[in-house]
Structures are given as C-alpha cells and as structure tokens.
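Below, each chain spelled out in residue letters.
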Amino acid sequence: FNFKMSARGTKRTRSSLENTSMSNAQAKRRTQVTSNLFGKMVESAGYVLGGDHTANEITVEPAVFQKQLSQLFKKQASIDQSLEKFCSALREYTEDPRRLRMCLLPTKAAEQSEVVTRSAGLESLIRLLLGVDCLQPSLINHLLEKLLEFMDNPTGGTSSLQFIDYCQIPKLILNQLRWLDHIVNGKELCAKLLELIDVASSDLKREVIASLPEILDDSQHIMAATHLKTLLQTTSDYTSAIIDSLTNLTVGAELGAQILEVTMARVSSAALVDLPTVIKYIMQQVTPNSAQELISELRDKLDLDTLFVPPPAACSTPRGTQRVVNKVSVEASSEYVIFDTISCSISYQKSVADGWMKTIESVTDAGGHKAVDMVVLLILHSISSRRKAVETLFTSKVRGGQFTEDLLSSVFKLSSGALRKFFPSVLTLSEKLLCSGLPSVVQFAMCLYQHAFISFDVYCQQEVIAALMTHIGSGMASEIDHALDVLGSLVESHRSAMNRFASLVKNILDYLEHLYIHQVRKLYFILSVLAFRSEESSIQDELHTVVRKQLSHVESRYRRMGVIGAAMMIQQLSCVDSSFADQTMCQSQSEEKEPHLPASRLKQVQILISDTIQSCSQSQETATLFCDEMCVAIRHSAAMDPSALRYLCDTITLQFQETFLIDCKDDLPANLGIPVQMCHRLDAVDEDNIALNLLPVAMVAHGPERNYLLQRVSSQFKLLRICEQLLNSGSLEAVDALLGCPIVMCPEEKLRLSAFEGLLTTTKQDLCLVLFHCINWMRELVCAFAGDKEPEMRAKVISRLVTITKLQNQLDTCMTVTPDFLSLLGDANSSVPSKPNKGKFKETSASDKSLPSVSQEKGSTTAATPTATTPTTGNNMDKVQPYFRKLDMDVFAVLHYAPLSKTIMDSEMHTAEREELAIQPAQLLFLLQDLYNKLSSSLSAVGFGARWRKLATSSDKQNAAGSDSTAVQLAEKVVELMPALRDHIENTHAFFQSTNIRDDDGDSFSPDYPAQCECLTLLFKILAVFFAWPQLSDPMYSPLLHQSLEILSKSPHSSVSKDIGLVAKGACVYLERFCEHLPLLSCTRPYVTLLVSICTACQSSVAQKRVAKICTQLLKHSWVESTMETTQQRTEALEYLLKYHFEWSVEPLKAVEEMCTKAVPELIGEDGGQGVSSIFPALSSDNFPCFYKNMMITVVSQIKAIPLPTKGAQPSSEVLLDRLQSIHLSANVLHMLVTFVKSFEKRAVLSAALKYGTLYIEALLKFGMPVIDVEFRPHKILTSSQDEVLTLLKTLQKSTRCFQTFCGHSKVKRDTSLTNHVPKLKKILEMFMFKVMEMLAHHDCQEAFSVGNLRNRDLQVNTHIHPHITIYIIMH
C-alpha cells in the first residue's frame, strides 16, 4: 500500500512539473508575440491571442475591435511600413499550423468583457482582420498562399497537426473569404482565384469552384462564369462543382445561352454521379417559349440504356464481389437522384411538365421512344392534375405501337429501384389500361402488371395481387379474363414468388358463382398450380374439399365446376416438373430422356382419377362433362406424365368398349321394336371387326340420362384420340378402325318421310335423337382424322363428310313431323348453364336457358342462329345447329385436299371402276358455314369493354370445350387456310363462267348452282370477317395482315418490304377479276364488304379508288331477279354498292351529278320511260327510291365535309372559292334531286326528300353559311364571288320552294310517315330564311330581297287553302 501511494504521488508530481514547463513555454511564446507590432496592435484593439491549443479571446465587440485597429494604423507615423510590419508579423505567427488553425476558428468572448454575444459563433481573427480595408489585400494574398501550402495531404510526420485538422485548413481559409461585407479589389481577387483553380489539386479545385459565388462580387460573376465555361468544355472531372457554381452566378442572356449549350453537350458524356446536377441546371433554364426545344434536345442526349448497365455476374473473390455491390449501389442511388431531379423540376415548373408532354407526344416513330419517356410519364402521372392527360397519351402511344413491351422491359430492367417511388402510378396506370378494352393496350397493361410484380418488393407484390383480385370482382368480364391471364402467367413463370400469396389468391373462390366456365377453368388452373406444383402449399386440402363438395352437389352447374376443378388437379398432379421428378429413376435408367413422376405421386394421380370417375359415374351428364374437361386439361398441359396419361386412356378405353362397341359377328337385338342393321360402312365386310352400338344403347336408357349417355360416345372418343395422339406422337393407328366401322342404326327406309310418319311419337323422338348423336359421332371422326395425310384416310374423311350432310337432311326431314324433339335437347341442357345467372350477371335472353351440350369447348364458335345454312336444310336445322359438337380448326385441313381417285378391282384384279373423290359443294358449304360462324363470333368487329353479355348465347366461346383457339390463333389459322380459300373462290368462279345459268324459259339452274352460290357468298364473308377484325389494324399484327394480303393477291413473299397500300391494291386488283361473273346481286354485298375491309385495314386511299371503280362496274351490270334471293337482300346489296360508288369516288358530287343528268332522265321519257337505264342497268323505276336515298345521303355528307372556320386561321381566297363552288354544285344537285320527286310519285322518294332535305339545310346553316358570308363581303376584290353567292341563293330558293310544296302535299295526303318530317323541315327553312336576310342586311343589301306569301300546293301544283301562309324571299 505504501508503495502504491508513493508511485501515485510520483506521477502527480511529474504531471505538475510538465504542466508548469508547458505554461512557461506558452508564456514565453505569448511574450514574443506581444512584443511585435502584430501582437501589440491586436491586444491594444481588444483581442487576446491564445495558445496553440486554446481559443483566442476578444474583450470588445467585433466592430469595435475593427474600428480601434483601423485607428491604431492611422496613428502610426508611416502606415505603409506599419502594414508591412504587421503583415510580416502575422505571417510569422501563422507559420505554425496550430496557430493558423486557431486564427481560422471562431473567437471566444472573454469572461469579463463588454461583448454582448457570448456564443461560440463569433468571427475568427482572420475574418475580423479581413474586415479592415487596409489589411485585406495583403491578408488575402497570404491566405491564398496558405491554400497552396495545404492543398496536399500531409505525408509522414511533417505536420504538427492531426490529419483531420490539417485537411480542414483549406476549407477554413475559404470560409474566411465567403460573404465579405466589402472587397477592396474584387477583380484582382477573382483573377487570383481563377489562377488558383488552374494549379490547385483536384479536391481544392472543387472547393474553390464551389466557393466562387459566395466569395466574388456580382461585378466579377461574368469573368468567373466565362472561365468556368471554358473549364467545363475542356474537362469532365469537375462537372458537378462547375455547374453548381454557374447556377449561383449572375450572367447575361448571351453568356447564359453559351453555358447552356456547353452543358447540353456535356449530357451524353457526363459521369453518372454528375448527371443529376447537369439535368437540374438544364431544367432551371427552361422557359415557356423554349421548353419543348430544350427538353427535346435533353431527351435526345439522355440515354438511360447506356448509363444504367445491368450488373455483371458475381465475382469469385470477396473483394471482387464487394466492388460489384458498390458499383450497383452507386448506380441505383444515381438513377434515383436523376429521376428525383426530373420529378422535382416537373412538380415545381409547369413549363417543364408541358415541355415533356409535348416532346413525348411529338415522337411518332415506332422505335423513337426511350426508357426515359415512360419514366417521365409515370412521374407526370403522379401529379393529380395531369393524370387524365397522361393516361390518354399513354393509351395512344401503346395503341399506335410506339410503346412496346420491349421498351417496358428495358425500363423495369434498368430502373426498377428508382421506379419504386412511383409504384402507385404504375398500379393506377395498369388498372386504367386494362379497362380500356383495346387489344394492344390490354396486352401492355398485363405486361405492366407482371413487371410490377417481378421488379418490386413483397409489399408491392401483394398490392398487385389485390389489384388483380379487384378486377376479378368488378363484374366486367373482360377485366376478369385479363386479370386471370396475368395471374396464370405469374403462376407459371414465378411460382415461388406467387406461392406466398396462395392463401390470398384462394379467396377468388368466393367469386366462383359469378364466373363463366372458361374463367372457372383459368381459376382452377391457377389454384392447382399453387397447390400441387409448389414445394410447400397450404391450400391443397382446402382445394380437395371444395372440389369434392361441388362434385356431389345436386345442381348441374356446381357439378360442372367440380369436374373442371378435378380435371385441372389431375393435370397439375400428373405434370412432370423438375422439382417432383424421380431423379434416381432418371439416373439409373440412362436410356430415358425425360423425367417421370415418382411412384408416390403417380399413385396419387391414379387415385384422383379413379375417385373422380367414380363420383361422375352416378350421373351420365357429369361423366360426359369429365371427358370434355379432361380434353381441355390435357391439351393445355405442357408435359403430362406418360404413365398417368396411359392410366387415364386405359380406364376410358375400357368404359368405351364395354358400353358402345360390339363385335360385328355378334347378333343384333331383335326385340327393340325397330329393325336395326349395320349402316354407313366404309370398310369391306371382311375387314370389319367392331361396330358402334348406337341405337340399342339409346333404346335401353330412359329419360334425360339417355341423351347424356349418347353424348358420352363422342366425348369419350375425343378423350381417347387425344390421349393416343400424345402417347404415340400424333398417330391414331390404334383407333383408326373407328373411322370406317359401321353403326348400328335403323334402316334408311324407316327414315323416309312416308314411313317415319307412321311411327309412334316416342319412337320418332328416339330415332331423331339417334340421328342427332350419329351426326355428332361423325363430326368427331372428321375432327380426329382430317389431318391424316394418307390418301385412304382422306377418302374416308370425305366420305364421312358426305354422310354428315346426308344425315342432316334426314334429321331435318324427321324433325318436321317430330316437333317435340328439341325439348329433349333443351331439357337435357337447361340445367347446365355456362354463365352465372344472378346478381349483376343476370341472363340476358331467353335462349340462355337452353344451352348446347356441355361437350362443347372454348374457342369453337358455331353461331346459335346461323345466318346461312345448307340448301338441303330448313329452319329445323337452324334450331338444332347450336347443339351439335363443335368442329376443331384442324378439320378445315379438308379444304386443302386434292381430288382423289378410288379404284374398284374385279375378281381378276383388273380395274372394274374408277371413282373420283373430291369435296363437293354440299360438303364445302358445310365446312364454310362452320368456319364463318367461328370467325363471326370470335373476330367480329364489336365494341370492347362491354360485359360478357355477348357471350351469353349457346354458341359463345365459354361453352366450347373442344377448340381452345384464341382469336389470334384463329386468325393465324385463317391465314394458313387462305391459299385453299382462294383456290375455292377460283373454282367457284370458274363454275359460274362455264355454266349456262339462264335460258329463255326462265330459271334453269345446274343442280349444284344454289350450293355454289352459297359457297361463293360464304367465301367472301369469311375473308371479309377476317380483314374486318379490329386487331388486324393494330401494329402488333401488321405482319399477319401483310402475309394474308400477299397470299390473296398471289404476290411473292419476298416483297415484305413493300408498302402495305400497294399490297392492298394488288389484292383489290386480284379480286376485281371476279366482279364480272358474280351470280346474284345479293352476292355483291359480301364481295364489296371484303374489298372495303381490306381498304379499311390498310388505310389505303389508292385501294379505295379501285373499290369505287369496281362498284361502278357492278352498277353497270344487268342483274336479273332470282328466286334464290329476296327483295330485301337485293335492296341491301344495291345500297351498299351505291354507298361506296359515291363515297369513295374521286369527286362524289360529280358522280351524283352524272347519275342525275344521264341515268335518271332515261327513266323519265315522254312515253312513260324505258324502265331501265342504259348507262347504269342496275337502275330501274322499281329500285329508284334506293338510288334516290343514297344520292341524297351523299349530298348531305359532302356539305358536312366542309371544315368549320377556326379562330385566327383564315383560309386563303382560293380555298374559300373552292368551298363555295362545292356548295354551289351540291345546291344544283339538290335541286335536280328535288325535281325528280314530281316524276316519281312514290312515298319512299318523298320521305327521303323530306328527311335528307332537312339534314341538308341544317348542315348548310352550320358548315356552308360561314363560307357564303365571307365570300359575299362587299370589299372583296373578286366580284365573281358575289355573283357566285347570288346564283347559289337563287338555286337554293328553288329547292326550298319545292320543300314547301312537299310539306303541303304531305298534309293533304295525311300520311303520318311523311308528316312527321314536316315540323322540323319548316323550322329549318325558316331559320335558313332569316339567316339569309341577316347576311344581306349585314352587307347593306336590303334591296336585294323582298318578302311575299307562298301558297300551299301539292305535287300536281294544285292550290290548297290553308290558314298558315308561308313567307318566302324573292331575290332580285
């Protein structure tokens, strides 16, 4: 203890000695300082210098110190010498870095002093000395020298200061020079600072550049800015510092423009960290007048694709990995700052926002947009006042093809971190675009949703899922469909990310009752993937429970949902996935190329299949549904396990064989009450092994179950053949015997009307039902084997098509005496709605209650009410047509079949007979009708965004279960069929060329003539519907349009670069060859519709002129009435021809004038007229009202085509004169048309004159009177204009008088259809009269007219007394 105390005392003694020695040293140095002039004067002025580690103190106020120090200098004998000694002593004092630092640090107020402010913020000694004018120049020079001395970092132990204190000295020196109250020699200071910039180190150079605006006086800003501009041009190392400094310097307009030009040139080469400063400076220079120009130039130079390079792959070393991470973080922060800079500029500067909007809007090239455009629009969308405009611009850009999915991908790939701030705008914009209904816009919105889910964090992903669920619950079927598509795509491509939201997605089951069948399929597909193809799933048990409940439900609709769910579960369970594949099996069996399901999972699939079949076996309807839904599931499956597929195939095959197939050697039943036999045999008798036992099966079953039992024939066969195709690489060799096998039915003699009428009602219904399902069986056979390339199989397919048409004729005949047959189909299907039937999804028509067979599948689009049927079928087949099974698109491969020859050999193997097999008009008509119904339902030009009420009928695509083609796939299939369709058009045209269709006795047709007419009409309709498809004009599908036109016009495929307008013209030229031999006038409408659709899709004015020429040729053709077309069809065709004859003519008014002056007078002869025009043979006295109506429509439309006057934009005199002459020509044509009414006293003509005369005068007041008023001004140099106006008014006066006569005649006749037009016409005539009076009075021409009374007359010019006398104008 004593030792420790002594040691501790020794330390305390040593410390006190050191402090004493230090105090003595400091006192000695203080004595040395105070002995020189510097120390004496500052101490006399009230400033106490501290030690090396103690702050300086001041005893008086800073201003008093500066004043006293100035007075001390003035008291000196020689001020210059005193200043020199003072500065020399100061330099000597500050040689020590510690003293220099203390002089640069803030001064401390003394304890007992007069200083009021005792905070630590008092100015430093150097700052106080700079406030003395006589000391400032020398002191500034000394400080700048010290800057150069301390500009480099210390090395070794040369400095007595710590490293941090040493590095702070340059900043402290520059702080002394900032914001001085007065600068004695500002120009010299500026020059020295600029010189210092050239020689200083990089760090010091940045500090000096940044300090210039705070050091220099305003008078020196131009000099500094000029030097900085030069420095910015020569180097890019100090871009941010220079631009920040230039921002705070006051420069003139000329120098500012030069600096802006240099800064703009620096954008493309600036470093990533400097770019926000550059952009901010440019944005600050934007004015309302220069906004678009500056921002357009900035946009051109700003390329985010080259700035934000995706990070490279991870390095193998930790240090390399850290460098990569640092680089990515720097780029992420820089891009965030860049977008934040743009966002701030847009938010606070209206001119910047307007400039960006105009710049982006001005880009019209498909590849002209950059990623920054889309980012800026998202920024603008975040501003509530611009949201609507941004959404409109975004929609137009996407629709026009300027914003593509590739551009969207690049935006999220390069800038996803910075876009997180604008996630609300991304989500809102996605919702709006998805609701637009435009195909390309909706597709873009779906991609936007996917990128938002992929690129952002978990919170954003949850918001995306919630937004999609909102679409699903909106009640808008299009939104539901697209939202489910997005979820399905995310589930397939990002299953692990979606798995965490499985419980959330599962809640969509609450909306299950409000979904259509094809939407239910999508939903169960999504849930099945999440449940069975994820490593950890929480919804498997719940999904099993829901499906089991639905399968056992009493209502058919819920059972169908359960069947769909079970089918999708089987599909996903049996799907071979890498996460569930039996890898050990693959390793042990090297010969296997593909992984298989593990045994446990395969067993699970087999159990699910068996349980589902067992549940469905209680109802024939549910069993049929299961087969159809499994067809859909298997077709959509990418990789079903072959073992699971084989198990399913074997199970269904066993059921099919036991139920529907018999051996041909077996005895046929004789106790059915109806004779039976083998019918429709294609194979030789010795080749037959099996037969389809159709009629006996039907007679055994009873009630509605009988219909479903017969439906299983086609459903199970379809499932079998799909399984066989998948298991055997498309081969159907295992089931090809079914194509030619016979069918057990009643003899054909029993189906003849004479024998059929004598049967019992129940027997008639049974036979009709068997015929119906026999047709369905044949349709499935044709669908299965149509794509076979063997001649023998093709011959059988053609034979089955012949059988189908024959059976349809028999069924049509039998249905005429079996009126209750449809009730069997209706009762069987009324409980299987494929659409929701309550809430906002109410049924829209009575036809919804009677839906077709559930065996139909999405994508097959046979219309419920066909517009054209085969000549051998009547209204009965129209009614039953929707209930037939839908044909796959593969069946139309028959259209490509070349003629086949069938050789029959005799006993000596010599050719006994040769039979030519080719598709006949009846079979061609059958295929074309189905194809047309598919296209008209899926590709029809209907509005978008409406509810799915269009899908409510039985022919809609949600009912289809066999053809899962989308609209795009259907269009692509039509392009594949285009060569065959073109060939059939040529063959049909050749038939009409070679056939004598009429003789002197009247109608005498070839037997195939009616069917050929229908075929030609349908061929034109099919192509017209395809080219009228709204999406075909979308830039996304322009290659499809180009390819189809090339095929149609037979142009070489090497002309892909050819202008689309030229290709469209070539197609019109090709189609023009058929106009001379069209068989009927009614055929011209689909023909012209095809031409119009091509022109509309291509927007080709050249092709439009060609179409007008074709319409003129058709009008000059002499058409003879036929019993195969109705008067209404002829009238509609004629109106269509006239519409485009006038509308697409080079000069429509000239075309109407030609018809009025040349063709119509031929009908008005002194001898009562010829009845037919020689110039236009299609024009006759009978159809003159049709011609008259279209001529009036054309005159009105031409008046409405005159542009309305705009404020501040006065057209030239030549333009006004041309418009006036057009108005005059229309008035002359109108007068001629009005005079024709007296020659053709028909109610239709008079009604058209009253209706369209009113529209003409109304359009003339709105569009024509402004032109007339301008041309009538007295100061006009060209007096010919005034004469033109006066002549025009006199011509119009003649027409208005006639209109008054028509009104009087209508009242005399007391025809309601005519008098309804009178009040409005009289009102318009009165308005026109006062408008003319106003114009004349305004130009001091009151004497040019007078007012009189007009008597009421009829068309025969007879006067009728009426209390109301009409006032009219008399022109002088």
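## Observations concerning the overall build of the protein chain
The helix and strand tally for the protein chain stands at 57 helices and 15 strands. In the protein chain, which comprises 1372 residues, the proportion classed as buried is 53%. Counting every atom, the protein chain has about 61400 Å² of accessible surface; 51% of that belongs to carbon and sulfur.

## Digging into helix α49 (residues 1101–1115)
With 15 residues, α49 extends 21 Å from end C-alpha to end C-alpha; this agrees with the ideal 21 Å at 1.5 Å per step. When we look at burial in α49, the residues that qualify are A1103, V1107, A1108, I1110, C1111, T1112, L1114 and L1115. Contact partners of the buried residues in α49: α47 (1060–1072), α48 (1084–1098), α50 (1127–1143) and α52 (1184–1200). At the N-terminal end of α49, a side-chain oxygen is found 3.2 Å from the backbone nitrogen of A1103, two or three residues along, and the residue is S1100.

## As for the environment of V968
Within the secondary structure, V968 is located in helix α44 (residues 967–994). Remark: the alpha-carbon pair of V968 and Y1037, spanning 69 residues in sequence, is separated by 9.0 Å.

## A look at the sheet that holds strand β2 (residues 57–58)
The strand order across the open sheet formed by three strands is β1-β2-β3, and the pairing between neighbours is mixed. Edge positions in the open sheet fall to β1 (47–48) and β3 (108–109), since each of these has one partner strand only. Taken together, the two bridges between β1 and β2 define a ladder with antiparallel strand orientation. Its bridge partner lying in β2, Y47 is registered against I58.

## Side note on the packing of aromatic side chains
Inspection of every chain in the model, using the stated rule, returns 26 aromatic pairs. Plain terms: the ring middles of F1026 and F1027 are 5.0 Å apart, the flat faces sit at 75° to each other, and that makes the pair edge-to-face. Note on F1026: relative accessible area 0%, which makes it buried. The class for F1027 is buried, based on a relative accessible area of 2%. Across the ring face of Y558, the terminal group of R557 is positioned such that the distance to the ring centre comes to 4.8 Å. Over the ring of F1176 we find K1116, and its NZ or CZ is 5.8 Å from the ring centre.

## Observations regarding the pattern of salt bridges
A full pass over the atoms with the stated rule returns 39 salt bridges. Ionic pairing is found between K350 and D354, a salt bridge with its closest N-O pair at 2.9 Å. In this pair, K350 and D354 are both assigned in helix α18 (residues 350–362), four residues apart and thus about one turn of the helix distant. We note a salt bridge from R885 to E780, for which the minimum N-O separation is 2.8 Å.

## As for the environment of F339
Relative to the helices and strands, F339 resides in helix α17 (residues 318–348). For F339 and L419, which are 80 residues apart along the polypeptide, the C-alpha to C-alpha distance reads 8.5 Å.

## Here we look at the nonpolar core
Counting 426 residues, the largest nonpolar core has F65, W356, F1027 and Y1087 as the members making the most contacts within it. A per-element tally of this core places helix α54 (residues 1243–1271) first, with 16 residues. Those residues in contact with F65 that sit more than four places away from it in its chain are V42, A45, G46, Y47, I58, V60, L125, L128 and L129.

## Overview of the packing of helix α45 (residues 1009–1027) against α48
For the pair α45 and α48, interaxial distance at closest approach is 8 Å and the crossing angle is 20°. Here α45 lies roughly parallel to α48, going by the angle between them. Helix-helix and strand crossings are classified by hand; for α45 and α48 the assignment is left-handed. Across the interface between the two elements, T1017, F1020, K1021, L1023, A1024 and F1027 of α45 pack against P1086, Y1087, T1089, L1090, S1093, I1094 and A1097 of α48. Tallied by class, the residues present in the contact of α45 with α48 amount to nine nonpolar, three polar and one charged.

## Focus on unusual backbone geometry
Phi at H680 is positive, roughly 60°, even though this residue is not glycine. Along the chain, H680 falls in the loop between β5 (677–679) and β6 (690–692).

Reading guide: rules and limits
Residues numbered from 1 in each chain as written. Predicted model: local features only at pLDDT ≥ 70, side-chain atom pairs only at ≥ 80, totals over all residues. Heavy atoms only, no water. Helix = DSSP H or I, 4+ residues; strand = E, 2+ residues; numbered from the N terminus. Buried < 20%, exposed > 50% of the residue type's maximum accessible area, 1.4 Å probe, protein only. Areas by Shrake-Rupley, 256 points an atom, 1.4 Å probe, with all protein chains shown as cover. Expected span 1.5 Å × (residues − 1). Contact = heavy atoms within 4.5 Å. Polar contact = N/O pair within 3.5 Å; in protein donor to acceptor, adjacent residues only side chain to side chain. Pairing = 2+ DSSP bridges. Phe/Tyr/Trp six-rings, centres within 6.5 Å; stacked < 30°, edge-to-face > 60°. Lys NZ or Arg CZ within 6 Å of the ring centre and 35° of its normal. Salt bridge = Lys/Arg side-chain N within 4 Å of Asp/Glu carboxyl O. Core = buried A, V, L, I, M, F, W, Y, C linked by side-chain atoms within 4.5 Å. Axes fitted to C-alpha atoms, helices over the stretch in contact; angles between N-to-C directions. Parallel < 35°, antiparallel > 145°, perpendicular 65-115°, else oblique. Left-handed = near helix turned anticlockwise from the far one by under 90°. Nonpolar A, V, L, I, M, F, W, Y, C, P; charged D, E, K, R; others polar.

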